[in-house]
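# A closer look at the structure
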Amino acid sequence: MRIIVDAMGGDNAPQATVRGALQAIKELGAEVILVGRGEEILETLHADGIAELPAGLEITHADQVVEMCDNPATAFKEKKDSSLTVGLNLLKEGVGDAFVSAGSTGAWLAGGIFKVGRIKGIDRPALAPALPTMAGTPCLLLDCGANMDCKPDYLRQFAVMGSAYMRGVLRVSNPKVGLLNVGAEEEKGNELVKAASPLLREQPGIDFSGNVEARDALSGQVQVLVADGFAGNVLLKSTEGAVGFLFAQLKSAMTSSFLTKLGALLLKPKLREMKHKLDYQEYGGAVLLGIDGVMIKAHGSSSAHAFARAILQAADCVDAGIVDSIKAALAQTPAKA
């Protein structure tokens, strides 16, 4: 197995990408292809005391970098020698089995759709992160920002792909699917969710549980949560902000006096466990489902550990044959419900 990594993507590149790749190679035993400016990659290795390329690590030179200020719709075309474009080409050509990047989300999405291509029967690929839940099993949210305006059939396709991912990659035998809405009652919601609901109920191969309010998204009552990209992104960012606020308040409260510091010391193992459960870096990245290849979008500020988790997530998708699983699930129903 060979995982392609955009070595220049992200706020902490190439240091975090290189170190994450080394960690993943050690844990996984797979090969990693780092795509980017070779001299900067080698400088990072040398700074860490590594004089020669470790076994399992390759470098494919790409001189350009897609910056956040570049036009996301055309950047992968205009910068043909960028780490992003070269990485996408390697995936398309079958040189590697998956592609991981923390660079520009817009350019990465556009490149995936127009260069790698969609699975037949999928109108719009969906960006799908895994959210922690109180039940312990993550909930896959899709879409979280790739498609701001959706049609009802897109949401049906999201449900099919999300269910296939949960079964194949996270080993949930019968994932329950929920539809993000402003209320649990069937008569509530906008025209999109009202039209999507019967499509989900009639779709073979998924277990549709009905509407789910945002406050219940992390309860664990569903393992796949379907939404248009606008609502999904608002939910995701609100959740990230709430977690950050929670930890800031906990830190402030537990360092306010000697007694609270003592209590924090006693609670330290449980607090560390809670932080581990809520930390996005432990969940890898968001998978782009619906593309005819495995693509993982790591967080822009990913650390080396987060990159390693994203690479391991990509390997899990390859091992599970997620692309073929989605194709098989789509075969159970016409492309247009």
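Structural data are supplied above this passage.
Described below are features of the structure shown in this document. All values reported here derive from a predicted model rather than from experimental measurement.

## Comments concerning the overall build of the chain
What the chain contains, in helices and strands, is eleven helices and twelve strands. Whereas a compact globule of 337 residues would reach a radius of gyration of roughly 20 Å, the chain reaches 21 Å, a difference of no more than 12%. The principal-axis extent of the C-alpha atoms belonging to the chain is close to 65 × 60 × 35 Å. Counting all 337 residues of the chain, 49% fall into the buried class. Looking at the chain alone, contacts between residues at least 24 apart form 73% of all its contacts between residues at least 6 apart.

## Here we look at the sheet that holds strand E3 (residues 57–61)
The seven strands are arranged E3-E2-E1-E4-E12-E11-E5 in an open sheet whose pairing can be described as mixed. The sheet is open, and its two borders are formed by E3 and strand E5 (126–128), each paired with just one other strand. Adjacent strand axes in the sheet meet at a mean angle of 25 degrees, parallel and antiparallel pairs treated alike. Two elements, strand E1 (residues 2–6) and strand E4 (residues 98–101), share three bridges in a ladder whose sense is parallel.

## Side note on the packing of helix H1 (residues 15–28) against helix H10 (residues 304–320)
H10 packs onto H1 with a crossing angle of 50 degrees between their chain directions and a minimal axis gap of 7 Å. As far as their axial angle goes, H10 and H1 are oblique. Considering only the axes of H1 and H10, their crossing is right-handed. Contacts between H1 and H10 involve Ala 16, Thr 17, Arg 19, Gly 20, Ala 21, Gln 23, Ala 24, Glu 27 and Leu 28 on the former and, on the latter, Ala 304, His 305, Phe 307, Ala 308, Arg 309, Ile 311, Leu 312 and Ala 315. Here the contact of H1 with H10 is built from residues that sort into ten nonpolar, four polar and three charged.

## What about a nonpolar patch on the surface?
A contiguous nonpolar surface patch, about 620 Å² in accessible area, is contributed by Phe 258, Leu 259, Leu 262, Leu 265 and Leu 266. Mapped onto the secondary structure, Leu 259 falls in helix H9 (residues 258–278). On the basis of relative accessible area, Leu 259 is assigned to the exposed category, the value being 63%.

## Things to note about a negative patch on the surface
Among the surface-exposed residues, Glu 39, Glu 43, Asp 63 and Asp 81 lie close enough to one another that they form a single negatively charged patch. The topology assignment puts Asp 81 in the loop between helix H3 (75–78) and helix H4 (83–92). With a relative accessible area of 31%, Asp 81 lands in the partly exposed category.

## Some thoughts on H1
Between its terminal C-alpha atoms H1 stretches 20 Å, which fits the 20 Å expected from 14 residues at 1.5 Å a residue. For H1, the full list of buried residues reads Ala 16, Thr 17, Val 18, Gly 20, Ala 21, Leu 22, Ala 24 and Ile 25. Looking at the buried side of H1, the elements it contacts are E1, strand E2 (31–36), helix H2 (38–47), E3 and H10. Of the residues one or two after H1, Gly 29 is the one with positive phi, at around 85 degrees.

## Thoughts on the sheet that holds strand E8 (residues 176–180)
Two pairing modes exist for strands in a sheet, parallel and antiparallel, and in both the strands are linked by backbone hydrogen bonds. Taken in spatial order, the five strands of this open sheet run E6-E7-E10-E8-E9, and their pairing is mixed. Each edge of the sheet is formed by a strand with only one pairing partner; in this case those strands are strand E6 (130–131) and strand E9 (207–212). With three bridges joining them, E8 and strand E10 (residues 224–226) adopt parallel strand pairing. Each bridged residue has a counterpart across the sheet, and for Leu 179 the counterpart in E10 is Val 226. Packed onto the sheet, helix H6 (residues 152–168) meets strand E7 (139–142), E8 and E10 and runs at close to 165 degrees relative to E10.

## Observations regarding the pattern of salt bridges
When their charged atoms lie close together, side chains carrying opposite charge are able to pair. For the structure shown, the criterion picks out twelve salt bridges. Residues Arg 19 and Asp 48 are paired through a salt bridge, measuring 2.8 Å at the closest nitrogen-oxygen approach. Note that Arg 19 is positioned in helix H1 and Asp 48 in the loop between H2 and E3, a separation of 29 residues in sequence. Notably, a salt bridge pairs Glu 40 with Arg 37, separated by 3.6 Å at the nearest N-O pair. Taking the relative accessible area as the measure of exposure, Glu 40 reaches 25% and is therefore partly exposed.

Rules used throughout
- Per-chain numbering applies: the sequence of each chain, read as written, is numbered from 1 onward.
- Totals for whole chains, interfaces and linings use every residue, but because this is a predicted model, local features are given only for residues with pLDDT of at least 70 and side-chain atom pairs only at 80 or more, for both listing and counting.
- Based on all heavy atoms of the structure, the side-chain values leave hydrogens and waters out of the count.
- Put simply, DSSP H or I for four residues or longer makes a helix, DSSP E for two residues or longer makes a strand, and each gets a number counted from the N terminus.
- For this measure, only C-alpha atoms enter the radius of gyration; the expected value for a globule follows 2.2 Å times N^0.38, where N is the number of residues.
- With a 1.4 Å probe rolled over the protein chains alone, any residue whose accessible area is under 20% of its type maximum counts as buried; one over 50% counts as exposed, and the rest are partly exposed.
- We call two residues in contact whenever any of their non-hydrogen atoms come within 4.5 Å of each other.
- Following DSSP output, two strands are said to pair if at least two bridges run between them.
- In this analysis, axes come from line fits to C-alpha atoms, helices being fitted only over the stretch in contact, and the angle between any two N-to-C directions falls in the range 0 to 180 degrees.
- Note on terminology: angles under 35 degrees are roughly parallel, angles over 145 are roughly antiparallel, angles of 65 to 115 are roughly perpendicular, and the others are oblique.
- Handedness of a crossing is defined here by the sense of rotation of the near helix relative to the far one, left-handed for an anticlockwise turn of less than a right angle and right-handed for a clockwise turn.
- Note on residue classes: Ala, Val, Leu, Ile, Met, Phe, Trp, Tyr, Cys and Pro are nonpolar, Asp, Glu, Lys and Arg are charged, and everything else, Gly too, is polar.
- Residues enter patches when they are more than 30% accessible in relative terms and free of salt bridges; like-charged ones are connected within 9 Å and nonpolar ones (Val, Leu, Ile, Met, Phe, Trp, Tyr) within 5 Å.
- Residue burial considers only the protein chains on display, and all accessible areas are found by Shrake-Rupley using a 1.4 Å probe.
- What makes a salt bridge here is a side-chain nitrogen of Lys or Arg within 4 Å of a carboxyl oxygen of Asp or Glu, nothing more.
- Note on charges: Lys and Arg go in the positive column, Asp and Glu in the negative column, and His and the chain ends are not counted at all.
- To locate a charge, the coordinates of NZ of Lys, CZ of Arg, CG of Asp or CD of Glu are taken.
- Multiply 1.5 Å by the residue count of a helix minus one, and that product is the helix's expected span.

Function cannot be read off these values alone, since they describe shape.
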